[in-house]
Amino acid sequence: MISLKKRFLAELIGTFFLVFIGAGAAVITLMISNGAVLPNLFNIGIGALGGLGDWLAIGLAFGLTVTVLIYAIGHISGCHINPAVTIALWSTKKFPGNEVIPYIVAQLIGATLGSFLFAAVVGMNAVTVGGLGATAPFEGISYFQAILVELIGTFMLMFVIMGSGIDRRAFPGFAGLSIGFTVAAVITTIGNISGASINPARTFGPYMGDLVLGGTNLWNYFPIYVIGPIVGAVLAAVIYDYISSEEKLPEGRVIREK
Amino acid sequence: MKCYMCALEGKDSEAVSICIACGMGLCMDHVIRDEVEIWEGGYPLPSKKHEKTLPKMLCKWCYDAYRSG
């Protein structure tokens, strides 16, 4: 197996691109719509010009990035680029426990670098107008509702990872596409509810960038993006394992072939 | 089966293997044993390399063709 040091680097690079390209798309959308008349408080600017199409564009930026990264580093590190995925794989004994912390550290560092470098190439408007694409519950969405929708979104993501990636009966080679489509679909629908993080690292990076660069401090919302995704991913992994396993025959039962 | 390469050189020798690519018979002097690495697994788990390699018997022409990319 490739050394942990190299896989650490692969996870770091993967999560860097996820945040730079994905969260970066949210920043650019907010910058483009900056100054537009917003019809209601539920609309913060994403959707001001293109309706749900704005969220589809952001979803595709995330989804396409996830797809190509899976094909690029999936065979090296597994391309988790998401602490919830790493923890869910560990919880179902598919990933070694001693590698969970290094993977998560790599993902958090990569996500933070992604936010800082995006601010570096766009300028301070990325922080003051775009908030570095940080996630937060939208107007009228409670803390609990945000956790629940993050749980549901990450459940779907992990369920598809299990079905198209882990399960060796799956049609080979399509995991990347399936998972990218899933990410895009989830973000399109729940983006304007909780921000559609479905990944603690994806929220950690912009939060850290905003904190250091003088943006809005949103850390009180961070538990939403830890609890929801991790619980959702673990539930999906456990349930998929259950529904995909074959029934065991009662002990002592003998099958005779004719 | 006789060794094709030896036959080209005007010699007559028994083949001990067959090139897996073109099928020519090869004696011990002309066969090239290539060792192919076997990787198992992949997304969303890191690939693992098997301890043992998979032997692949080739003639010089096919071996050179594979190596040239």
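The structure displayed is predicted, hence computed values, not measured ones.

1. Regarding the overall build of chain B
And step 1. The helix and strand tally for chain B stands at 2 helices and 6 strands.
And step 2. Seen in sequence order, chain B has helices and strands lined up from the N terminus as α-β-β-β-β-β-β-α.
And step 3. Relative to the 2.2 N^0.38 estimate, which gives 11 Å for 69 residues, the radius of gyration of chain B is 16 Å and therefore markedly larger than a compact globule would have.
And step 4. Along the three orthogonal principal directions, the C-alpha set of chain B runs to about 55 × 20 × 15 Å.

2. Digging into the overall build of chain A
And step 1. The helix and strand inventory of chain A stands at 9 helices and 0 strands.
And step 2. Along the chain direction, N to C, the helices and strands of chain A fall in the order α-α-α-α-α-α-α-α-α.
And step 3. Its C-alpha atoms give chain A a radius of gyration of 19 Å, within 12% of the compact-globule value 18 Å for 258 residues.
And step 4. The C-alpha extent of chain A, read off along each of the three principal axes, is 75 × 40 × 30 Å.
And step 5. Counting the 258 residues in chain A, one finds 51% classified as buried.
And step 6. Long-range pairs, those at least 24 residues apart, make up 80% of the contacts in chain A with a sequence separation of at least 6.

3. Side note on the packing of helix 6 (residues 143–166) of chain A against helix 9 (residues 222–244) of chain A
Residues and elements named next belong to chain A.
And step 1. Remark: helix 6 packs on helix 9, axes separated minimally by 7 Å, with the N-to-C direction vectors making an angle of 35°. Every pair of crossing elements has a handedness; the one defined by helix 6 and helix 9 is right-handed.
And step 2. Among the residues forming the contact of helix 6 with helix 9, the class breakdown is 19 nonpolar, 5 polar and 1 charged.

4. Quick notes on the nonpolar core
And step 1. Membership of the largest hydrophobic core comes to 78 residues, with the highest contact counts inside it found for Ala88, Met158, Ile187, Ala233 and Ala237 of chain A.
And step 2. Not counting chain neighbours up to four residues away, the residues in contact with Ile187 of chain A comprise Trp55, Ile58, Gly59, Phe62 and Ala196 of chain A.
And step 3. Core analysis: the second largest hydrophobic core is formed by 9 residues, Ala15, Met24, Leu58 and Cys59 of chain B among them.

5. Side note on helix 4 (residues 100–122) of chain A
Residue and element names in this part refer to chain A.
And step 1. For helix 4, with 23 residues, the first-to-last C-alpha span of 33 Å sits near the 33 Å given by 1.5 Å per residue.
And step 2. Tucked into the core, helix 4 has its buried residues touching helix 1 (4–32), helix 3 (83–91), helix 5 (125–128) and helix 8 (200–213).
And step 3. Just past helix 4, the residue Gly123 takes up positive phi, approximately 105°.

6. Observations regarding the environment of Leu151 of chain A
Residues and elements named next belong to chain A.
And step 1. Within the secondary structure, Leu151 is located in helix 6.
And step 2. For Leu151 and Gly232, which are 81 residues apart along the polypeptide, the C-alpha to C-alpha distance reads 4.2 Å.
And step 3. With residues up to four places along the chain from it excluded, the contact list for Leu151 reads Gly228, Val231 and Gly232.

7. A closer look at unusual backbone geometry
And step 1. Along the chain, Tyr43 of chain B connects to Pro44 of chain B via a cis peptide bond; the corresponding omega equals 0°.
And step 2. Tracing the chain through its elements places Pro44 of chain B in the loop between strand 4 (39–40) and strand 5 (48–49).
And step 3. In this structure, Ala196 of chain A is a non-glycine residue whose phi angle is positive, near 55°.

8. What about the packing of helix 4 of chain A against helix 8 of chain A?
Residue and element names in this part refer to chain A.
And step 1. As a packed pair, helix 4 and helix 8 sit with axes 7 Å apart at the nearest point and diverge in direction by 50°. By the angle between their directions, the pair helix 4 and helix 8 is classed as oblique. Relative to helix 8, the crossing made by helix 4 is right-handed. Here Gln107, Leu108, Ala111, Thr112, Gly114, Ser115, Phe116 and Ala119 of helix 4 come into contact with helix 8, specifically with Ala201, Arg202, Phe204, Gly205, Pro206, Met208, Gly209 and Leu213.

9. A few points about the confidence of the model for chain B
Fine structural detail should not be taken from predicted coordinates in areas where pLDDT scores are low.
And step 1. For chain B, per-residue confidence averages 94 on the pLDDT scale, and 100% of positions sit at 70 or higher.
And step 2. Taken over the whole predicted complex, pTM reads 0.88, whereas the ipTM for its chain interfaces reads 0.77.

10. Overview of helix 8 of chain A
Residue and element names in this part refer to chain A.
And step 1. Taking 1.5 Å of rise per residue, 14 residues should cover 20 Å, and helix 8 covers 20 Å from first to last C-alpha, within 8% of that figure.
And step 2. Among the 14 residues that make up helix 8, 11 are buried, leaving the element largely enclosed by the rest of the structure.
And step 3. Buried residues of helix 8: Pro200, Ala201, Arg202, Thr203, Phe204, Gly205, Pro206, Tyr207, Met208, Gly209 and Asp210, and no others.
And step 4. Taken together, the buried residues of helix 8 touch helix 1, helix 3, helix 4, helix 5 and helix 9.
And step 5. Gly214 sits one or two residues past helix 8 and shows a positive phi near 90°.

11. Looking at the pairing of strand 3 (residues 32–36) of chain B
Residue and element names in this part refer to chain B.
And step 1. Burial analysis of strand 3 places just 0 of its 5 residues in the buried class, a small minority of the element.
And step 2. In the sheet, strand 3 pairs with strand 6 (residues 54–58) via 5 bridges, with the strands oriented antiparallel. Of the residues in strand 6, the one forming a bridge with Arg33 is Met57.

12. Regarding the environment of Gly63 of chain A
All names here are of chain A.
And step 1. Note on placement: Gly63 falls in helix 2 (residues 52–73).
And step 2. What makes Gly63 buried here is the crowd of 23 C-beta atoms within 10 Å.
And step 3. Between the alpha carbons of Gly63 and Phe181 there is a distance of 5.9 Å; along the sequence they are 118 residues apart.
And step 4. Setting aside residues no more than four positions away along its own chain, Gly63 makes contact with Gly180, Phe181, Val183 and Ala184.

Each value, and the rule that gives it
- Residues numbered from 1 in each chain as written.
- Chains lettered and ligands numbered in written order.
- Predicted model: local features only at pLDDT ≥ 70, side-chain atom pairs only at ≥ 80, totals over all residues.
- Helix = DSSP H or I, 4+ residues; strand = E, 2+ residues; numbered from the N terminus.
- Rg over C-alpha atoms; globule rule 2.2 N^0.38 Å.
- Buried ≥ 20, exposed ≤ 12 C-beta atoms within 10 Å, placed from the backbone.
- Contact = placed C-beta atoms within 7 Å.
- Axes fitted to C-alpha atoms, helices over the stretch in contact; angles between N-to-C directions.
- Left-handed = near helix turned anticlockwise from the far one by under 90°.
- Nonpolar A, V, L, I, M, F, W, Y, C, P; charged D, E, K, R; others polar.
- Core = buried A, V, L, I, M, F, W, Y, C linked by C-beta atoms within 7 Å.
- Expected span 1.5 Å × (residues − 1).
- Parallel < 35°, antiparallel > 145°, perpendicular 65-115°, else oblique.
- pLDDT = per-residue confidence, 0-100.
- Pairing = 2+ DSSP bridges.

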